[in-house]
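Structural characterization, general
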Amino acid sequence: MKNYIDIPDKEVTTSLIKSAMNLKNDPFKDLAIGKNKRLIMLFFNASLRTRLSTQQAAEQLGMHVSILNISTAWSIEFEDGSIMNLEKAEHVKEAAQVISQYCDILAIRAFPSLTDKEKDLSEQLINGFKTHASVPIINMESATAHPLQALADALTIKEMSTKSTPKVVLTWAPHPKALPHSVANSFIKMMQQQPVDFSICHPEGYELDPNITKNTPISYNQEAALQGADFVYAKNWSSFNQYGQVTNQDSSWMLTEQKLDQAQFMHCLPIRRNVITEDAVLDGKKSLVIQQANNRTYAAQAVIKELLLNS
Ligand code: CP
């Protein structure tokens, strides 16, 4: 594995899930692997879980970690051939090469604009770093993907499933702000590889990128879709067709204890209580959200270990 920018193929994800499980059982067993190595994490956007879990993961492999909030650094230009006479002070061509000299792995968080679909889909920022860096790149959530989250989610389902083929439903839930498609995209790609009965439900008009949903069953009827579910993953995303717009805030799509029935509840966090789901779900025994967040460490640790050994 050269980078971890999107969901890799099934053979690799199977191996990463197994590695993450082993690391969870004995987090410090590979402390020597990262000795005298450094992870640099660049944040173009805010984070709680990704930042702390990825730092913990690297340190549990014996690495040093440097963190740069880009808002405190020079503003970076990504366009080729641009005349840099406005506010952008440094081009990604120099920035990526310079940062590569200071580290062994570079991890980046950069959300989409949600205004320029073509540019967001091109993943200009993370691909700019990938092109010009000389070290492996880890995606800590980009314009279209959040593969570290999806790996932790797959690990959580594997840990908690009592069936060989559990029913997993990804359901849209309301939110007041326009949110990216990255978590949903990566969860869909990951579930398409897993031994699960997977489907998606959302209101009409909230179709995701058909290049990602492919043949996954999609329902506009949440009640019918949730029938018999073992795992319900709630997530809001903004409209993909009316790109970045919030066209629906229908609170009848909020998840309740009654709707979930016997299903276990999943969400990547942060979550808006009594908007995405009611308090009773998050405070109840069927919520897996804290376990998912815990598994972020071991998912990241498995990815970093693989990159240190085999990139
Ligand atoms: N789930 C997730 O990526 O959380 P943060 O945005 O806090 O990193």
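Calculation rules
Residues numbered from 1 in each chain as written. Predicted model: local features only at pLDDT ≥ 70, side-chain atom pairs only at ≥ 80, totals over all residues. Heavy atoms only, no water. Buried < 20%, exposed > 50% of the residue type's maximum accessible area, 1.4 Å probe, protein only. Helix = DSSP H or I, 4+ residues; strand = E, 2+ residues; numbered from the N terminus. Pairing = 2+ DSSP bridges. Right-handed = clockwise from strand over helix to strand, strands pointing away. Axes fitted to C-alpha atoms, helices over the stretch in contact; angles between N-to-C directions. Phe/Tyr/Trp six-rings, centres within 6.5 Å; stacked < 30°, edge-to-face > 60°. Lys NZ or Arg CZ within 6 Å of the ring centre and 35° of its normal. Salt bridge = Lys/Arg side-chain N within 4 Å of Asp/Glu carboxyl O. Expected span 1.5 Å × (residues − 1). Contact = heavy atoms within 4.5 Å.

For the rest of this paragraph, the subject is the pairing of strand β8 (residues 197-201). Both faces of the sheet carry side chains from a regular strand, because those side chains alternate between them. For β8, the buried fraction is high: 4 of the 5 residues fall into the buried class. Bridge analysis of strand β7 (residues 167-172) against β8 gives 5 bridges, and the strand direction is parallel. Across the sheet, the residue bridging to T171 is C201, located in β8. The parallel pair β7 and β8 is bridged by helix α7 (residues 182-193), and the resulting crossover is right-handed.

Sheet architecture is open: 4 strands sit in the order β2-β1-β5-β6, paired in parallel fashion. In the strand order of this sheet, the two ends are held by β2 (64-69) and β6 (137-139), each with one partner. Sheet twist, expressed as the mean angle between neighbouring strand axes with direction ignored, is 20°. Relative to strand β5 (residues 105-109), strand β1 (residues 38-43) is paired through 5 bridges, and the arrangement is parallel. From the neighbouring strand, L42 faces β5, where its bridge partner is I108.

If you walk through the whole model with that rule in mind, you get 8 aromatic pairs. Considering the side-chain rings of F44 and F78, the 6.4 Å spacing of their centres and the 55° angle between planes classify their relative orientation as tilted. On the criterion of sequence distance, the pair formed by F44 in the loop between β1 and α2 (49-60) and F78 in the loop between β3 (76-77) and β4 (90-91) is long-range, its members being 34 residues apart. Here F44 falls in the partly exposed class, since its relative accessible area comes to 24%. F78 sits in the buried class, given a relative accessible area of 14%. Among the aromatic residues, ring-to-ring pairing joins F44, F78 and F129 into one connected group. The ring of F43 carries R51 above its face, with NZ or CZ at 5.6 Å from the centroid. Over the ring of F240 we find K117, and its NZ or CZ is 3.9 Å from the ring centre.

The next point concerns the pattern of salt bridges. Inspection of every chain in the model, using the stated rule, returns 10 salt bridges. The shortest N-O distance in the salt bridge between K163 and D230 comes to 2.8 Å. With K163 in the loop between α6 (147-160) and β7 and D230 in the loop between α9 (222-226) and β10 (231-235), this residue pair connects regions lying 67 residues apart in the sequence. For D230, a relative accessible area of 13% translates into the label buried.

Here we come to the pairing of β10. Most of β10 sits inside the fold, with 5 of its 5 residues counted as buried. In β10, alternate side chains face the same way, and those of F231, Y233 and K235 on one face and V232 and A234 on the other are all buried. Bridge count between β7 and β10: 5 bridges; the pairing is parallel. Each residue of the ladder has a partner; that of L170, found in β10, is Y233. As paired strands, β10 and strand β11 (residues 264-266) are joined by 3 bridges and run parallel to one another. Pairing of V232 across the sheet is with F265, part of β11.

Below, the discussion takes up α7. Along its 12 residues, α7 runs 17 Å from first to last C-alpha, staying within 8% of the 16 Å computed at 1.5 Å per residue. Extensive coverage of α7 is indicated by the burial of 10 of its 12 residues. What α7 keeps buried is the set S182, V183, A184, N185, S186, F187, I188, M190, M191 and Q193. Those residues of α7 that are buried lie in contact with α1 (10-25), α6, β7, β8, α8 (210-213) and β10.

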